[in-house]
Amino acid sequence: MATKYIMQRDTNGWRLQVWLSFGLAIVACGAGVVQLPGQELDRAFLALGLFFSLFASFAVAKTVRDNRDGQIDTASWVMTVWIAFCAAVLLTAWGLWRMNIPAWEKNYMLVSWLFLISASFTLAKTLRDAHEVALMERSSVQVQEQEFKVQ
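Residues numbered from 1 in each chain as written. Predicted model: local features only at pLDDT ≥ 70, side-chain atom pairs only at ≥ 80, totals over all residues. Heavy atoms only, no water.

Draft legend 1. Local environment of the environment of Ser 21. Relative to the elements of secondary structure, Ser 21 occurs in helix α1 (residues 12-35). Classification of Ser 21 by relative accessible area gives buried; the value is 16%. Sequence separation between Ser 21 and Ser 118 is 97 residues; the distance between their C-alpha atoms is 9.3 Å. (Helix = DSSP H or I, 4+ residues; strand = E, 2+ residues; numbered from the N terminus. Buried < 20%, exposed > 50% of the residue type's maximum accessible area, 1.4 Å probe, protein only.)

Draft legend 2. Quick peek at the layout of surface pockets. Taken as a whole, the largest pocket spans an internal volume of roughly 200 Å³. In terms of lining, the largest pocket is formed by Phe 58, Ala 61, Lys 62, Val 64, Arg 65, Phe 121, Ala 124, Lys 125, Leu 127 and Arg 128. Looking at side-chain class alone, the lining of the largest pocket contains 6 nonpolar, no polar and 4 charged residues. (1 Å grid on protein atoms, 1.4 Å probe; cavity = no way out; pocket = protein on both sides within 12 Å on 5 of 7 lines; lining within 4 Å. Points joined across faces, edges and corners; volume = space filled by probe spheres on them. Nonpolar A, V, L, I, M, F, W, Y, C, P; charged D, E, K, R; others polar.)

Draft legend 3. View of the packing of α1 against helix α2 (residues 40-66). For the pair α1 and α2, the least separation of the axes is 9 Å and the interaxial angle reads 160 degrees. What the angle tells us is that α1 and α2 run roughly antiparallel. Viewed along their axes, α1 and α2 form a crossing whose handedness is right-handed. Residues Phe 22, Ile 26, Cys 29, Val 33 and Val 34 of α1 form the contact with α2, whose own contacting residues are Arg 43, Leu 46, Ala 47, Leu 50, Leu 54 and Phe 58. (Axes fitted to C-alpha atoms, helices over the stretch in contact; angles between N-to-C directions. Parallel < 35°, antiparallel > 145°, perpendicular 65-115°, else oblique. Left-handed = near helix turned anticlockwise from the far one by under 90°. Contact = heavy atoms within 4.5 Å.)

Draft legend 4. Structural detail: the packing of α2 against helix α3 (residues 75-98). At their nearest, the axes of α2 and α3 sit 8 Å apart, and the two run at 150 degrees to each other. Here α3 runs roughly antiparallel to α2, going by the angle between their axes. Relative to α3, the crossing made by α2 is left-handed. Per-class residue counts for the contact of α2 with α3 are 20 nonpolar, 6 polar and 2 charged.

Draft legend 5. Structural context of the packing of aromatic side chains. Scanning the entire structure with this criterion turns up 6 aromatic pairs. Between Trp 82 and Phe 85 the ring centres are 6.2 Å apart and the planes differ by 90 degrees, which places this aromatic pair in the edge-to-face class. In this pair, Trp 82 and Phe 85 both sit in helix α3, 3 residues apart, roughly one turn of the helix. Residue Trp 82 is classed as partly exposed on the basis of its relative accessible area of 40%. Through pairs of rings, three or more aromatic residues link up here, namely Trp 19, Phe 22 and Phe 58. One cation-aromatic arrangement involves Arg 98 over Trp 94; the distance from NZ or CZ to the ring centre is 5.9 Å. (Phe/Tyr/Trp six-rings, centres within 6.5 Å; stacked < 30°, edge-to-face > 60°. Lys NZ or Arg CZ within 6 Å of the ring centre and 35° of its normal.)

Draft legend 6. Quick peek at the side chain of Ser 120. Looking at the element boundaries, Ser 120 is found in helix α4 (residues 103-150). Not counting chain neighbours up to four residues away, the residues in contact with Ser 120 comprise Phe 22, Leu 54, Ser 57 and Phe 58.

Without other data, these values stay purely geometric and don't point to any function.
Here you go:
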């Protein structure tokens, strides 16, 4: 028996909130990196860590969603995605921890970085939900058209 899901479109308010949160997280991280005191190499490392975390979050979200009904990706791919996500989180945390900056600036970067990861997962889910609802609506229309042709 196939797994059944009840799908409904997200409200405009939810979609707006998701996109605003994601944009705000990007801006907060970007502003933090640009205004961070210290060496340029530290800022560059942190910027790379934030991008790595961002893309790894999207990859994890997609892989988990693709495999929710059973594993369709290879075990190697799933392992690679999770290792990349863990590496992104651990290396970025390590880089932030070892930076010689005041604690409040570290805390700002930590919170904005975690906000970015959370907003990435939420955006990925919202986009995937919208895609699946559109697919279900298209298949429903096709079924109705076929039933109409049969009659």
